[in-house]
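# Summary of the model geometry
Chain by chain, the residues:
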Amino acid sequence: MAEKTIWFDGKLVPEGEARVSVFDHGLLYGDGVFEGIRAYNGRVLKMRTHLERLQQSARHIQLQIPYTIEQLEDAIREVLAANDLTDGYLRLCVTRGVGTLGLNPYLCDNPTVFIIADSITLYPQEMYTSGLKIVTTSTIRNHPAALSPRVKSLNYLNNIMAKIEAIEGGGAEGIMLNHMGYVAECTGDNIFIVQQRHGWPTLVTPPAHAGILEGVTRNLVIELAQEADLPVEETDLTRHDLFIADEVFLTGTAAEVIPVSNIDGRSVGSGTPGPITLQLNDAFRKLMKHCPEN
Ligand code: PMP
């Protein structure tokens, strides 16, 4: 495979030269923040929204990113061009930088910033037509008063523990509940259900206060639903709500809009992707043809 070009601390360098120190607190402690961003047809989906979320995550953890949003936008375009990619996935990481072996983040002078551009397929294509099997994990999502799930931090161990459980339990994704026992989200995706109410479909998804990462794709799908006159509610959900839902789907930058066909051994609806999921997936695909950057 050809060597990739990485944007690393302001310069484009070959992959082999993009090296992070063993004293970097991003590596030693997961101390840093990141974004996963996607490009379609040479345009970067919701680039500004992603960079604003990155800034908010950084602000929460008292990390000063040494570049402006405009500089990061230029960097994203540069790294896509350098890798000859018009469609692909970008990983932008900001670590606390090199410090001592102690925890003190104030001893780290310069954050390390790098951007990787690559191609991506998260789930096999057939899962978009047949749906995913997912399972509830016993690992709950981080308590918002510990590390807020709204911070997209480099410390994903909470989610990785749940992902291990999901895979061991035969699921492609794992549902994580919050500290109150309500559904929060999946290990790397947000979750939606469709409830038929008197013959009219309503979309329901956990609210930000449920302790979730407020996904860019989640918010985009809410907009698409509203444009299609589908009511959307952000309400606490239980596993019972998932089990009796007519449709369930997940959203994420990498996953896009993906149907769920089975939860904890129970078929969702008829067991095949439902009409609202397909409609929203279709609206999402159409929008990506002229992919909105803001
Ligand atoms: N929740 C978690 C925990 C995530 O890591 C992600 C991103 N992979 C999402 C939700 C989806 O967010 P977005 O749509 O912004 O990619």
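In this report, the structure presented in the accompanying data block is examined.

What counts, and where the lines are drawn
- Residues numbered from 1 in each chain as written.
- Predicted model: local features only at pLDDT ≥ 70, side-chain atom pairs only at ≥ 80, totals over all residues.
- Heavy atoms only, no water.
- Near = heavy atom within 4 Å.
- Polar contact = N/O pair within 3.5 Å; in protein donor to acceptor, adjacent residues only side chain to side chain.
- Areas by Shrake-Rupley, 256 points an atom, 1.4 Å probe, with all protein chains shown as cover.
- Helix = DSSP H or I, 4+ residues; strand = E, 2+ residues; numbered from the N terminus.
- Axes fitted to C-alpha atoms, helices over the stretch in contact; angles between N-to-C directions.
- Parallel < 35°, antiparallel > 145°, perpendicular 65-115°, else oblique.
- Left-handed = near helix turned anticlockwise from the far one by under 90°.
- Contact = heavy atoms within 4.5 Å.
- Nonpolar A, V, L, I, M, F, W, Y, C, P; charged D, E, K, R; others polar.
- Pairing = 2+ DSSP bridges.
- Salt bridge = Lys/Arg side-chain N within 4 Å of Asp/Glu carboxyl O.
- Buried < 20%, exposed > 50% of the residue type's maximum accessible area, 1.4 Å probe, protein only.

A few words on the site of the ligand. Within the structure, the ligand sits among 17 residues, and Y156, E185, V216, T217 and T253 are positioned closest to it. Here an oxygen atom of the ligand and a side-chain polar atom of K152 are 3.4 Å apart. For the ligand, a nitrogen atom lies 2.9 Å from a polar atom in the backbone of G188. Taken by itself the ligand offers 390 Å² of open surface, and the protein chains cover 94% of this.

Let us look at unusual backbone geometry. A positive phi angle is found at N41, which is not glycine, with a value near 50°. Mapped onto the secondary structure, N41 falls in the loop between β3 (32-40) and β4 (43-44). A positive phi angle, close to 50°, is found at H198, a residue other than glycine. Structurally, H198 can be placed in the loop between β10 (190-197) and β11 (200-205).

Now for the packing of helix α2 (residues 47-60) against helix α3 (residues 69-82). At their nearest, the axes of α2 and α3 sit 10 Å apart, and the two run at 125° to each other. If you check the angle between α2 and α3, you find them oblique. For the pair α2 and α3, the crossing hand works out as right-handed. Each of M47, R48, L51, E52, L54 and Q55 in α2 lies in contact with α3, whose residues at this interface are I69, E70, L72, E73, I76 and R77. Here the residues of the contact of α2 with α3 are counted per class, giving six nonpolar, one polar and five charged.

Here the focus is the pairing of strand β2 (residues 11-14). By the bridge criterion, four bridges tie strand β1 (residues 5-8) to β2 in an arrangement that is antiparallel. Residue I6 lies in a different strand from β2, and its bridge partner there is V13. The turn linking β1 back onto β2 is made up of two residues, and D9 within it adopts a positive phi angle of 45°.

On to the sheet that holds strand β6 (residues 112-118), then. A sheet is described by the order of its strands in space; here six strands give the open sequence β2-β1-β6-β5-β3-β4, paired in antiparallel fashion. Looking along the sheet, the strands with just one partner apiece sit at the ends: β2 and β4. Inspection of the sheet shows β3 paired to β4 by two bridges, in the antiparallel sense. Following the sheet pairing, Y40 is matched in β4 by R43. The sheet strands contacting α2 are β3, β4 and β5 (88-95), and the helix crosses β3 at an angle near 175°.

Glancing now at the pattern of salt bridges. Within this structure, the stated rule accounts for 14 salt bridges. Put simply, R141 and E185 hold a salt bridge, and the shortest N to O gap is 2.6 Å. Within this pair, whereas R141 is found in the loop between β7 (132-136) and α5 (157-168), its partner E185 is found in strand β9 (residues 183-186), the two being separated by 44 residues in sequence. You'll find R141 and E185 in the same group, each marked buried.

As far as function goes, none of this settles anything; it's purely spatial.
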